[in-house]
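Notes for the structure review
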Amino acid sequence: MKSLRKAVAAPVCITVRCLGKNSEAANRILPIRDLIYVESFRNGTTLHTISGELRCTQTYAEVVRLLPKTGRFWEYGRGATVNFSFVETILDTGEIQLAAKNSESLFCSRRKLKDTQAAFTDYQFAVLRDEGVG
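What this report covers is the structure whose coordinates are included nearby. (Residues numbered from 1 in each chain as written. Predicted model: local features only at pLDDT ≥ 70, side-chain atom pairs only at ≥ 80, totals over all residues. Heavy atoms only, no water.)

Once that is clear, we can look at the overall build of the protein chain. Along the backbone of the protein chain there are 3 helices and 10 strands. When the helices and strands of the protein chain are placed in sequence order, the string is α-β-β-β-β-β-α-β-β-β-β-β-α. The burial tally for the protein chain puts 38% of its 134 residues in the buried class. Pairs at least 24 residues apart make up 40% of the contacts formed inside the protein chain by residues separated by at least 6 positions. Counting only carbon and sulfur atoms, one obtains 51% of the accessible surface of the protein chain, whose full area is about 8,700 Å². (Helix = DSSP H or I, 4+ residues; strand = E, 2+ residues; numbered from the N terminus. Buried < 20%, exposed > 50% of the residue type's maximum accessible area, 1.4 Å probe, protein only. Contact = heavy atoms within 4.5 Å. Areas by Shrake-Rupley, 256 points an atom, 1.4 Å probe, with all protein chains shown as cover.)

What follows is the structure, given as structure tokens:
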């Protein structure tokens with residue numbers, strides 16, 4: 001019953017205001033499962049998805065507030081949040097290796113490295129527990 005409540009409570013999509021080809025802002029519905037990571041960039045926010053990058057007119061804080069608080073998303077640095085579903089491993093050097101986007105890597109600050117590794121381990125354990133592997 002708890003897992004059912006958790007699944008129903010977590011949103012599957014977010015609506016963000018993104019810039020289009022003509023630099024006009026428009027609302028866009030983005031499935032949570034497609035979002036790889038979010039970063040603050042030049043007075044805006046860039047959403048990195050499996051289909052490419054989206055420039056968002058909303059602030060980083062506004063976008064992060066839309067993300068579900070299920071442990072799937074983690075702020076690994078100032079103005080940077082990653083979706084643990086796409087993380088392959090987090091090395092002791094602070095490199096976060098992604099399983100998507102041509103094996104792209106992100107870098108975690110040394111100050112947040114241990115917390116990020118612990119949160120990733122907790123996320124992996126929760127996924128295994130929920131899937132009933134074992």
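Once the structure has been displayed, the description carries forward.
Y76, V82, F84, V87, I96 and L98 are the most contacted members of the largest nonpolar core, which has 17 residues in total. The element best represented in this core is helix α3 (residues 110-131), accounting for 4 residues. Ignoring anything within four residues of it in the chain, the contact list for Y76 reads Y37, T81, V82, I96, L106, F107, C108, S109, K112 and T116. Within the second largest apolar cluster, 15 residues are counted, among which are V16, L30, I32 and F73. (Core = buried A, V, L, I, M, F, W, Y, C linked by side-chain atoms within 4.5 Å.)

Bridge count for strand β1 (residues 13-19) against strand β2 (residues 25-31) is 7 bridges, and the pairing is antiparallel. Bridging from a neighbouring strand, I14 pairs with L30 of β2. Remark: 5 residues form the turn of the hairpin made by β1 and β2, two consecutive strands paired antiparallel; S23 in that turn has positive phi of roughly 60°. (Pairing = 2+ DSSP bridges.)

Along strand β7 (residues 80-83), one buried face is formed by A80 and V82 and the opposite face, lined by T81 and N83, is buried too. Two elements, strand β3 (residues 35-41) and β7, share 3 bridges in a ladder whose sense is antiparallel. Among the inter-strand pairings, V38 is bridged to a residue of β7, identified as T81. Bridge count between strand β6 (residues 73-77) and β7: 4 bridges; the pairing is antiparallel. Counterpart to F73 in the pairing with β7 is N83.

Our focus in this paragraph is the sheet that holds strand β10 (residues 105-107). Reading across the sheet, the 3 strands line up as β8-β9-β10 and stay open at both edges, with antiparallel pairing between neighbours. The open sheet is flanked by β8 (87-90) and β10, the only strands paired with a single partner. Here the strands of the sheet are splayed against their neighbours by 25° on average, with no regard to which way each runs. Where strand β9 (residues 95-98) meets β10, 3 bridges bridge the pair, whose relative direction is antiparallel. Considered in β10, the bridge of E95 is made with F107. (Axes fitted to C-alpha atoms, helices over the stretch in contact; angles between N-to-C directions.)

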